[in-house]
Amino acid sequence: MLTKFETKSNRVKGLSFHSKRPWILASLHSGVIQLWDYRMGTLIDRFDEHDGPVRGVHFHKSQPLFVSGGDDYKIKVWNYKLHRCLFTLLGHLDYIRTVQFHHEYPWIVSASDDQTIRIWNWQSRTCISVLTGHNHYVMCASFHPKEDLVVSASLDQTVRVWDIGALRKKTVSPADDILRLSQMNTDLFGGVDAVVKYVLEGHDRGVNWAAFHPTLPLIVSGADDRQVKLWRMNDTKAWEVDTLRGHINNVSCVMFHAKQDIIVSNSEDKSIRVWDVTKRTGVQTFRREHDRFWILASHPEMNLLAAGHDSGMIVFKLERERPAFAVSGDSLFYTKDRFLRFYEFSTQRDTQVIPIRRPGSTSLNQSPRTLSYSPTENAVLVCSDVEGGSYELYTIPKDSIGRGDSMQDAKKGTGGSAVFVARNRFAVVDKINNQVLIKNLKNEVVKKCGLPIAADAVFYAGTGNLLCRAEDRVVIFDLQQRTVLGDLQTPFIKYIVWSNDMESVALLSKHAIIIASKKLVHQCTLHETIRVKSGAWDDNGVFIYTTLNHIKYCLPNGDSGIIRTLDVPIYITKVSGNTIFCLDRDGKNRSIVIDATEYIFKLSLLKKRYDHVMSMIRNSQLCGEAMIAYLQQKGFPDVALHFVKDERTRFNLAIDSGNIQIAVASATAIDEKDYWYRLGVEALRQGNAGIVEYAYQRTKNFERLSFLYLITGNNEKLSKMLKIAEVKNDVMGQFHNALYLGDVRERVKILENVGHLPLAYITASVHGLQDVAERLATKLGDDVPSLPEGKAASLLMPPAPIMCSGDWPLLRVMKGIFEGGLDNIGRGAADEEDEAVDGDWGEELEMVDVDGLQNGDVNAILEDGEVAEEIEEEGGWDLEDLELPPEADTPKASVNSRSSVFVAPTPGMPVNQIWTQRSSLAAEHAAAGNFDTAMRLLSRQLGIKNFAPLRPMFLDLHTGSHSYLRAFSSAPVISLAVERGWNESASPNVRGPPALVFNFSQLEEKLKASYKATTAGKFTEALRLFISILHTIPLIVVESRREVDEVKELIIIVKEYVLGLQMELKRREIKDNLVRQQELAAYFTHCNLQMPHLRLALINAMTVCYKAKNLATAANFARRLLETNPTIENQAKTARKVLQAAERNMTDAAQLNYDFRNPFVICGATYVPIYRGQKDVSCPYCSSRFVPSQEGQLCTVCDLAVVGADASGLLCSASQIR
C-alpha cells in the first residue's frame, strides 16, 4: 500500500472523491463534513449543519454539488462553491445510511434504517420513488454505473437488486394524460416504478455492503458473518459464485477495483484486504493497530482508494503507477503490461521488444521499478520488488526490435537495486553485507566491493562509478580506486537525472530537488509542497521537472517557475527544444509542446547574453507582474521599464535605474506630492539642479527651494524667495532667506516688524548700522540692551558654493547595454513620446511665466491687496524668474534619448582591491588595509595565532603604502596608493604592488646590532632586537629566489640566538639551584652561535661547572674551547689550567641532565635536551623544537605561532608562486 495522504479526526463514516479536482469529502461521526485537498494535504472547508453522525456523502459528477445524509433523518444537498446547504430533503423516518447521485439523471438514492430506499429528484426537490421490501435496516443502496438497476444490502441478511427502468421511462416522457392519471394513483397507493429483480440470500448475518462491478454482471457483498461473497447475475436470475473468507470481524465495506481484477474489502477487524477475483484468493492485507475500518471509496478516474476508520482516513494506492524506463540517446526503453517496449524520439516509433515474464505470485507491486540499459551489448536489467527485491537480465536479439514475440529465459538474481556500470558489467547491491557485487553478462560475480555508506540503492554515475544512496546522504564511489569522489547530505533521494554532458546531476526526493556537480558539490536546492515526480535536462542546462500538477523549470542559480499546469501526472523522459517527451501513468508515450520563453529569457539574463534578451523583448509577450519583479530583483530595472505601462510602476523603476527623463514624465502624469518629492531626491543625487528646482516648485516646498538656491549660489532667486516669504507672511522663512543672503538690513527690519526690538538693536549695532541703531535706541528708551565688552564681531555671510551655475558636470559615457536597443519599444511609438514630453515641458514653463508664480497662494494674497504698495515698487512684482531658467538652459528632461543619455560610469576597482586580488603575500594584504585576510594568510602559511606583536607593523605597513592629499577645505582628504618600483614610463592603467616600509636590508642592519649587543654582554637588549627580527620577517617581501633562501636562513640564525639568550637570562635568575645553573650553561653551548659568542658561552659553562666541582664536565668544555683555537691567549690559558686540574680528579660532584656524547636539541619551553630518537614537535614558523606535551601551546621562542600546527610554509616573494 502506498499511502498518499492521512488525516486525524473523529470516526469517518462516509467518503467521496471529486471526479476532477484532488478533493475528498469525509463525513464524521461528530456531524461535521470535511473537504480535504489530498494532494496538498490541506483542509479546504468544513460543513457542520447536521445534528449527529453523518453516515453518507457523495460528490456530483459534474455540478458543484454534494449530498449528505445523517442520523437527523435529513438529506442535505450542498453547493461547495457557495459554501452552503441549498436545501434539505425530508421523508425518511430513521437514520440515513448512504446517499448517492445518479451518474446521468437528477436523482439521489438513499438507504435508511426505516427499512426503505428512496429515490429523490434533486431538481424538483421531491421524492419520486420509495422502494420497500427489506424488513430490517437498509445499510447501503447504490445505482448501477450503466444500467437501470439499484443494489441494496440490509441487516435482514439479503442483498436486493431493484429494476428502476419504469421510473426512467416515466421521468423521460410523462407526456400522456392517462400516464398523468396513473401517476396520481401511484402517488396515493405506491407505484410500480421500482420492482425487486433479485433477492440474493446466502449470508448468515446482516449484510453491511453490496456493490456492482463497473462493467461485468457481478455483485460483491460483505456481511457480519465475516464473509465477502461474489454473485453473478443475468437477465433472469442471480446466483452466488464464491465466498472469500479471511476477515475475523464484521465486513463493513467492499468494492471492485475499477482498473484491476481485484476486490478490496475492509472490516471492523482493523484490516483492509485485497482479493484476486479470478483466483478468489487473498492477495494482501493491510492492518492498523487500533482503528476499525468503516468505509471505502474509489476515485472515479484515477488509481486511488480511500478508507475511513475510527480516528481519521487514509488515501492510498495499491500499486505504483510509474513505468520503469531508461533513456539512451535517441531511444527510450520502458515496460508496459508484460512487455519491454522501445520508443524512438525522432521518428516517434513505438514497438514491442520482448515479453518480460510477470511472476505468477500472489501479491501486488510486482511490476518493474527500475530499468538499466547497456547500448553496446543491447542488454536490459529490470529490477522489481519480487521476493524482497530481485533483478532480471535480458539480452535483446538485434533483429527483435519490432517483433516482440520471442520469449527468453532471463538471468535472475536477488538484490533490489542493479545498474550497469560499464559496457558488460553491472553492479548489484548486497544490503546484508553492505557491498556491491560486480557481475558480467553471464550473471557471474567478477568482484566484490565494500560500500562507504549503508546504501540501499545504487545509480549510474559515469563508467566505473556508482552513486550510492542512504537515508540522509548520497556519495559517488569509484569502483576501481575504491574511493569516494563526492559526498552530499540530502533528504531521501528517489530518482537521479544526469545532464547530457554528465557535468551536473539532479537529485529528486519526495518534496525537494537538489542540483549538484558531478563531484556532488551542491549548487542549489528547491523545495516543493507538492510531490516531485520526474525531470530531465534541456539543451541549455535548465532542469525541467514535473510535480503532480505542474511542469516547472529550475535555472542553474536556483530560480524556478511554472511552465504549465498538468491534469494528470506525467514522467518526463527527454526534453528537446520546446518539446517535452513523457510517459503517462498508462505507459503511453506523449509529447507536450511548451513555451520556453520565460526561462530562456531568465537564463540569458543570468548568462549575460544581452543580445538574446534584447531580441526576446522585441519579439515576445513577456509581460506580467512576476517578470517585472524578477527583473527589478535581479538588478535590471531599466529592462523592466520597457514592459510597463502603469505610471506608478514606471516611476518606481525609473527612479531605481536612475532614468530621470522617464521619472519626470511619470511624475507629471501622476502629479502627487510624494512622487515629486522622490523625484527631487533622485535628481539631487544626480546633481540635476534644474529638475530638483522644478520638483520643489511643483510641491511648493519653499524651505527646500531656498536651501537649493543657497548651495547652488543663486542669490537672485534667493531674494525672490525672500519676497515670497514676505507675501505669505512667513516670518521664519523671511529670516532664513535674509540669513542665506547675508542681508543685515533686511534681518533688522524683520526683527523690528515682529517686535523683537532688543534683538534688532543688537544686530544693527554689531553690524555698524548706526543710523538704524539710534532710531531703535530711541524707541527702546531705557531698555537698551548692553553689548558685551572686548568681543570682536564677525560678519555672518553665506559660504560661496564650490559649484555655481546649473547642473553638475556629467561624464559622457557609453549607453547602457539595453538603452539604445530598447528605445524603439516600450510605450508605443517612441518618437511621438519624445516630442510629447518636450512639448509638455515647454508648456509647463510658459504657464508659469504667464501667471507669475503659478501658485494660488501668492495670487490670493495679491488680490487681497495687503502688500500692494510694495509690490508696485517691484514693477508689478512679476517674479517671472522664480521658475525654471530661460529656454536656453531649460533642463530638458527628455532630450531625445538616442543622442545623449547619461549613464553613470561603473566605478573602477579600488587600488587596495587590485593589490589583494592577485597577491598571496600577507604584507601586501596588510598594506592594502585588509588585515583580516593578512592574518588568515599568516595563519595558513606559518601557523601564526598570536597577532598582538604584529599589530603595530600592520598599521605601519598600511599608513606607509598610502599618501594623503587635502583638496578643498570642505571636501574629504583624498588617499593615494603608493606603488613599489613606480617610474615615469609605467603604464597608467597597470597597478604595481604596494610600497612596503619593511625590507630585508633593514633586518641585516638589525642583525649586526644584535651581535654587537651579545658580544658586549647586553643580553636583554640583544634578545629584544633578535625577537623584533623574528616578528618582522613574516611581513618581508623580497624579489628573487636567492633572497628567499637568505630570509629562511635568517630565521634559523635568529631562532638559535633567541633560545640561547633566553636560557642564559633564565640561568642568571636562578640563584639557589646550582645543578640547573650548570645545565642551562651547558645547553647554551649547544646553540648554533657565531664563533666569538660560542667561545664566550664555553668559558661561561666551564667556569660555572668548575666552581661547582663538576670537574669532568668542566674539562669537556675546556677541551671544546681549545679546539676552536681561541685567539685571546688568556682564554686558552684558563682552559689548559682547568684541564690539568681535572685530569688529577676526573669526577663530577653532581649528576647533570647533560650527555655531550649523545646528539640532542633543546626544548624551547622547558629547556631540557631532546636526544636523538625521542619524539618532539616543532614550531611551524621558527622551527624551534619542543617536547610533545607542548603541542598546541604558543611557541615561546617566536611568540607568534602555535607549536605543532599545520602550515604551508613562508611565502615572501612573488617568485615562489609563479
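Small disclaimer: the values here were computed from a predicted structure and weren't measured. (Residues numbered from 1 in each chain as written. Predicted model: local features only at pLDDT ≥ 70, side-chain atom pairs only at ≥ 80, totals over all residues. Heavy atoms only, no water.)

Peer 1: How should the overall build of the chain be read in this particular structure?
Peer 2: Helices and strands together make up the secondary structure of the chain, namely 32 helices and 61 strands. By the burial criterion, 51% of the 1218 residues in the chain qualify as buried. In the form shown here, the chain has an accessible surface area of approximately 58,400 Å², with 50% of it arising from carbon and sulfur atoms. (Helix = DSSP H or I, 4+ residues; strand = E, 2+ residues; numbered from the N terminus. Buried < 20%, exposed > 50% of the residue type's maximum accessible area, 1.4 Å probe, protein only. Areas by Shrake-Rupley, 256 points an atom, 1.4 Å probe, with all protein chains shown as cover.)

Peer 1: What's the story with the packing of aromatic side chains in this structure? I'm lost.
Peer 2: Describing an aromatic ring pair means giving the distance of the ring centres and the angle of the ring planes. In total, this model carries 33 aromatic pairs according to the counting rule given. The interplanar angle of 15° and the centroid separation of 6.2 Å between the aromatic rings of Phe-543 and Tyr-545 together place this pair among those described as stacked. An aromatic cluster of three or more residues is present, and its members are Trp-23, Phe-47, Phe-59, Phe-66, Trp-78 and Tyr-80. Above the ring of Trp-294, the side-chain terminus of Lys-13 is found at 3.9 Å from the ring centroid. The positively charged end of Lys-237 is found above the aromatic ring belonging to Trp-239, 5.1 Å away from the centroid. (Phe/Tyr/Trp six-rings, centres within 6.5 Å; stacked < 30°, edge-to-face > 60°. Lys NZ or Arg CZ within 6 Å of the ring centre and 35° of its normal.)

Peer 1: I'm lost on helix α26 (residues 1000-1015) in this one. Help?
Peer 2: Residues that lie three or four places apart on an α-helix share one face, since the helix turns once every 3.6 residues. With 16 residues, α26 ought to run about 22 Å at 1.5 Å a step, and its terminal C-alpha atoms sit 23 Å apart, in line with that. Of the surrounding elements, those touching the buried residues of α26 are α27 (1019-1032), α28 (1041-1069) and α30 (1091-1107). Gly-1017 sits one or two positions beyond α26 and adopts a positive phi of about 80°. (Expected span 1.5 Å × (residues − 1). Contact = heavy atoms within 4.5 Å.)

Peer 1: I tried to follow the packing of helix α29 (residues 1074-1084) against α30 on my own but got confused; where do I start?
Peer 2: How two helices pack is summed up by the angle between their axes together with the distance between the axes. Closest axis-to-axis distance for the α29/α30 pair is 8 Å, and the angle between their directions is 160°. When the axes of α29 and α30 are compared, the pair comes out roughly antiparallel. Along this stretch, α29 crosses α30, giving a crossing that reads as left-handed. Counting all contacts with α29, which are made through Gln-1077, Gln-1078, Ala-1081, Ala-1082 and Phe-1084, the residues of α30 involved are Ala-1097, Ala-1101, Val-1104 and Cys-1105. (Axes fitted to C-alpha atoms, helices over the stretch in contact; angles between N-to-C directions. Parallel < 35°, antiparallel > 145°, perpendicular 65-115°, else oblique. Left-handed = near helix turned anticlockwise from the far one by under 90°.)

Peer 1: Sorry, what's going on with the side chain of Glu-1064 here?
Peer 2: With respect to the helices and strands, the residue Glu-1064 is situated in helix α28. A polar contact is formed between the side chain of Glu-1064 and the side chain of Asn-1100, at a distance of 3.1 Å. Not counting residues up to four positions away in its chain, the partners in contact with Glu-1064 are Phe-1019, Phe-1084 and Asn-1100. (Polar contact = N/O pair within 3.5 Å; in protein donor to acceptor, adjacent residues only side chain to side chain.)

Peer 1: What exactly am I supposed to notice about the environment of Arg-585 here?
Peer 2: The residue Arg-585 is located in the loop between β54 (579-584) and β55 (589-593) in this model. On the accessibility criterion, Arg-585 (18% relative accessible area) is buried. Separated by 14 residues in sequence, Arg-585 and Tyr-571 place their C-alpha atoms 8.0 Å apart. A polar side-chain atom of Arg-585 sits 3.3 Å from a polar atom in the side chain of Tyr-571.

Peer 1: Help me understand the state of the cysteines in this model?
Peer 2: Should the sulfur atoms of two cysteines be covalently bonded, the bond is a disulfide. Taken as a whole and judged by the stated rule, the model has 0 disulfides. Considering cysteine sulfurs only, Cys-449 is the nearest to Cys-468, which forms no disulfide, with 9.1 Å between them. The class of Cys-468 is buried, set by a relative accessible area of 0%. (Disulfide = S-S within 2.5 Å.)

Peer 1: Would you explain helix α24 (residues 931-942) in this entry?
Peer 2: Across its 12 residues, α24 extends 16 Å between first and last C-alpha, which sits within 8% of the 16 Å expected from 1.5 Å per residue. In this structure, the buried side of α24 is in contact with α23 (922-927) and α25 (951-960). Two residues or fewer after α24 comes Gly-943, characterised by a positive phi angle close to 70°.

Peer 1: How should the sheet that holds strand β39 (residues 435-440) be read in this particular structure?
Peer 2: By way of backbone hydrogen bonds, the strands of a sheet pair with one another, either parallel or antiparallel. Reading across from one edge, β37-β38-β39-β40 is the order of the 4 strands in this open sheet, with antiparallel pairing throughout. Two strands lie at the open edges of the sheet, namely β37 (418-422) and β40 (445-450), each paired on one side alone. If you compare each strand with its neighbour and ignore which way they point, the axes differ by 30° on average. Alignment of β39 against β40, held across 5 bridges, turns out to be antiparallel. (Pairing = 2+ DSSP bridges.)

By themselves, these figures tell us nothing about what the structure is for.
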